[in-house]
Amino acid sequence: MTTTLGTAEAAPGERDTGRLEVGETRDGSPFGLPVAVINGEANGKTLYVQATSDGDELHGVGVLSQIVPQLDPTEIAGTILIVGIVNYHAFQVAEHRNPIDDTKMNRAYPGNETGTSSERIAAATFEVASRADLVLDLHQGSTSRMIDEVRVRCGSRHRLYEECLELAKVFGCGYVLDQKGPDGQLARVAPEEGIPTVDPELGGAVGWDESSIKRGVEGMWNVLRYYDFLTDDADLERQTRASGFEQYGAPAGGLIHMQADLGDRIQRGEPIFNVVTPFGEVKETITADSSGILWRTRRLPQVATGEYVCSVGTDIDTY
Ligand SMILES: [Zn+2]
């Protein structure tokens, strides 16, 4: 059967790209999100993948630009539906939030087709997600520095919790953040529709970091293998999981000297960072409130009092 997504239309064994129209820009031109359909020759599951839900997060579209040309519909069982750039307006100006309504897209799901700009885009993409058996919403730690990880956002009491954890393990970045997300996240809302969904967070960068993109490409291949879109076997590796997340801010203004690297294990009471003057005098040393793993840090060293510095993943185990 022919599969369509916006203007893209592919018969079994075919692929196509096109646009999913969601409205008009300020000059009255229609705009559409770039979409692709890979319709496998054989029957199978449907995977939905989207990228750049936050407009400054380019690793997801980096992954798609590498992997899509390699996906051969004659060798695939099932269908892959892709929206390559979700946050159209934010992407144009390289910002995180949609500048039309100053909203974070990943708080707007499941959206509203007669709502704000972000709600309309969320509704249009959620409708595509609803056609799938599995969903990957490719994100990253924005332009901060972050480890490569996958987020499970449905919460441990959800009926699809185990399926979401499994999908995170299959994607296999090495780290999983298992913590119920805020309202309006795709990875929280799509499981309500019975669709296992995770939010791979591919590092953090301004522009493209090839090592995080490579992780994402490997994760996608592994998902395609494990869920039988491809005939090869998937490798599953044990994941280090954090189920808590603690943020640290600067108690004083100055420059941050980190005392640990991303991915380091930190014991409670150990120093994480110093705030220093321009001449290197230590004003404050901040120690860990809980043991964990240094997960994310700000990119720029200068801070004002109270400004975000870093996050530590806590309550660590493996699965
Ligand atoms: Zn994001």
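Residues numbered from 1 in each chain as written. Predicted model: local features only at pLDDT ≥ 70, side-chain atom pairs only at ≥ 80, totals over all residues. Heavy atoms only, no water.

> What exactly am I supposed to notice about the layout of surface pockets here?
Gaps left between atoms are located by rolling a probe of water-molecule size over the structure's atoms. Estimates place the volume of the largest pocket at around 350 Å³. In this structure, the largest pocket is lined by 22 residues; those nearest its centre are K104, R107, R151, E201 and R296. Those elements giving two or more residues to the lining of the largest pocket turn out to be strand 11 (197-201), strand 12 (240-249) and strand 19 (308-318). Roughly 250 Å³ of internal volume is contained in the second largest pocket. Considering the residues around the second largest pocket, the lining is formed by 16 residues, among which F171, G172, E218, N222 and E237 are closest to the centre. When residues of the lining of the second largest pocket are traced back to their parent elements, those giving at least two are helix 4 (161-171) and helix 6 (210-226). When residues in the lining of the second largest pocket are grouped by element, the largest group, 6 residues, is from helix 6. Per-class residue counts for the lining of the second largest pocket are 4 nonpolar, 5 polar and 7 charged. (1 Å grid on protein atoms, 1.4 Å probe; cavity = no way out; pocket = protein on both sides within 12 Å on 5 of 7 lines; lining within 4 Å. Points joined across faces, edges and corners; volume = space filled by probe spheres on them. Helix = DSSP H or I, 4+ residues; strand = E, 2+ residues; numbered from the N terminus. Nonpolar A, V, L, I, M, F, W, Y, C, P; charged D, E, K, R; others polar.)

> Sorry if this is basic, but what is going on with the environment of L5 here?
Structurally, the position occupied by L5 is in strand 1 (residues 3-5). Exposure remark for L5: the relative accessible area of 2% places this residue in the buried category. When the C-alpha atoms of L5 and L81 are compared, they prove to be 7.4 Å apart, with 76 residues separating the residues in sequence. Setting aside chain neighbours within four positions, we find L5 in contact with L20, V35, A36, V37, L81, I82, V128 and R131. (Buried < 20%, exposed > 50% of the residue type's maximum accessible area, 1.4 Å probe, protein only. Contact = heavy atoms within 4.5 Å.)

> What is the right way to read the packing of helix 1 (residues 59-67) against helix 6 from this model?
Packed helices, taken two at a time, are described by their axes: the angle between them and the distance between them. With their axes 9 Å apart at the nearest point, helix 1 and helix 6 run at an angle of 60° to one another. Classified by the angle their axes make, helix 1 and helix 6 are oblique. Along this stretch, helix 1 crosses helix 6, giving a crossing that reads as right-handed. When helix 1 is examined against helix 6, the residues H59, G62, V63, Q66 and I67 are found in contact with a partner set consisting of E210, S212, I213, G216, V217, M220 and W221. Looking at the contact of helix 1 with helix 6 residue by residue, the classes come out as 6 nonpolar, 5 polar and 1 charged. (Axes fitted to C-alpha atoms, helices over the stretch in contact; angles between N-to-C directions. Parallel < 35°, antiparallel > 145°, perpendicular 65-115°, else oblique. Left-handed = near helix turned anticlockwise from the far one by under 90°.)

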